[in-house]
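A structural walkthrough
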Amino acid sequence: MDNEADVFYRELPKVELHAHLNGSVSVRTMEKLITRKPHLGIDHNMTAIRSGQRRTLDECFQVFKVIHQLVDTEEDILMVAKDVISEFAADGVKYLELRSTPREEPNTGLTKRRYVETVIRAIRQCKEEGVDIDVRFLVAVDRRNGTEVAMETVKLAEEFMLSTDGLVVGLDLSGDPTVGHGKDLLPALQKAKNCGLKLALHLSEVPAQLEESELLLNLPPDRIGHGTFLHPKVGGSQNLVDKVVKNNIPLELCLTSNVKGQTVSCYSKHHFQYWYELGHPSVICTDDKGVFCTDLSQEYQLAASTFGLSRDAVWKLSQRAIDCTFAPETLKQQLKQRWRELQPQVFQ
């Protein structure tokens, strides 16, 4: 962890909506994985980007390749998912939407179906063990894998949406934004939308994607990941902003990830300020708490210190995130009640 957040931010009840499973693996869990597989010759410097370090987006994706080597069996996935869920809970997160791309590993017999089943098993086990957090899962489509795989992934997601009592709630579109074009994935994304899956799409993560962003916003998605280059001041367009505002599409904003991944030059230039001042639904998220050595308490504290947010403003930011979740209305109401109950002790 780069920095420890103040007690207020730790105790603040929080919602995490943009967390990639394999990118959220902590140093402690990584130690266990490395010990299990010494033959791979992997050390911690290959799996995390520490304080003061920067990486290009391409280098960030190379880090994931290393982590995938360590997480290639059902046993690994179960341990990783349970650890990640428990760590978010320990950081005061009361509701979490995890996302991950189903992978197959011929060497270990892991299939995409078993991958998703194992994540669901981890979510259920944490619930049974009394971990204080509600967790849902977004099945991720990796844009690098093309149209056919995207359609297969949607079918898998739909199947799990119908068979997991609402634990699978949506579809994530992610992967290297410089590879492929969103237009090739539109049929799969439309199919997902038609069958009732919510859409959380990485969008305008890198510059010069006006055409793709326009196409994807026409769906429209239910949430936007990053949206770094949507607004005109950074090469987007007013038309894109108008579409986002008109459809009231919340943004998942990840400060440390964008600064360490060099898509934003420094915290004070982060687009959080643009959308926050518009009064648009914006949710602070971690993206990859393991890779970027952060947690959600730190991200809230960073936003507050960078943009001069009062504790009341931070509380409202956290509370309003509940309405941006893909949770059913009954759970949203339960979470709001939980926030009301916790408020006195957080502000004491």
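Going by the structure above, here's the rest.
Residues numbered from 1 in each chain as written. Predicted model: local features only at pLDDT ≥ 70, side-chain atom pairs only at ≥ 80, totals over all residues. Heavy atoms only, no water.

One pass over the structure, following the stated rule, counts zero disulfides. Among the cysteines around Cys 324, which has no disulfide bond, Cys 285 carries the closest sulfur, lying 9.1 Å off. (Disulfide = S-S within 2.5 Å.)

Quick look at the packing of helix α6 (residues 146-163) against helix α7 (residues 186-194) now. Their axes nearest at 8 Å, the elements α6 and α7 cross at an angle of 10°. The angle between the axes of α6 and α7 places the two elements in the roughly parallel class. Between α6 and α7, the residues in contact are Ala 150, Met 151, Val 154, Lys 155 and Glu 158 and Pro 187, Ala 188, Lys 191 and Ala 192, respectively. Across the contact of α6 with α7, the residue classes break down as six nonpolar, no polar and three charged. (Axes fitted to C-alpha atoms, helices over the stretch in contact; angles between N-to-C directions. Helix = DSSP H or I, 4+ residues; strand = E, 2+ residues; numbered from the N terminus. Parallel < 35°, antiparallel > 145°, perpendicular 65-115°, else oblique. Contact = heavy atoms within 4.5 Å. Nonpolar A, V, L, I, M, F, W, Y, C, P; charged D, E, K, R; others polar.)

Before going further, it helps to examine the sheet that holds strand β4 (residues 168-174). The strand order across the open sheet formed by eight strands is β1-β2-β3-β4-β5-β6-β7-β8, and the pairing between neighbours is parallel. The outermost strands of the open sheet, each flanked by one partner alone, are β1 (14-20) and β8 (282-284). Mean inter-strand twist for the sheet, computed between neighbouring axes without regard to direction, equals 25°. With six bridges connecting them, strand β3 (residues 134-142) and β4 associate as parallel partners. (Pairing = 2+ DSSP bridges.)

Here is a general trend for soluble globular proteins: nonpolar side chains tend to be buried in one another's company. Judged by nonpolar contacts, the single largest core of 106 residues is most densely connected at Leu 96, Ile 133, Phe 137, Leu 171, Leu 189, Leu 230 and Leu 309. Apart from residues no more than four positions distant in its own chain, Leu 189 is found in contact with Leu 171, Leu 173, Leu 199, Leu 201, Leu 216 and Leu 219. (Core = buried A, V, L, I, M, F, W, Y, C linked by side-chain atoms within 4.5 Å. Buried < 20%, exposed > 50% of the residue type's maximum accessible area, 1.4 Å probe, protein only.)

This brings us to the pairing of strand β6 (residues 223-226). Pairing analysis gives four bridges linking strand β5 (residues 198-203) to β6, with the strands arranged parallel. Note that in β6 the partner of Ala 200 across the bridge is Arg 223. Assessed by its sense of winding, the connection that carries the chain from β5 through helix α8 (residues 210-217) to β6 is right-handed. For β6 and strand β7 (residues 251-253), the ladder comprises two bridges, and the chain directions are parallel. (Right-handed = clockwise from strand over helix to strand, strands pointing away.)

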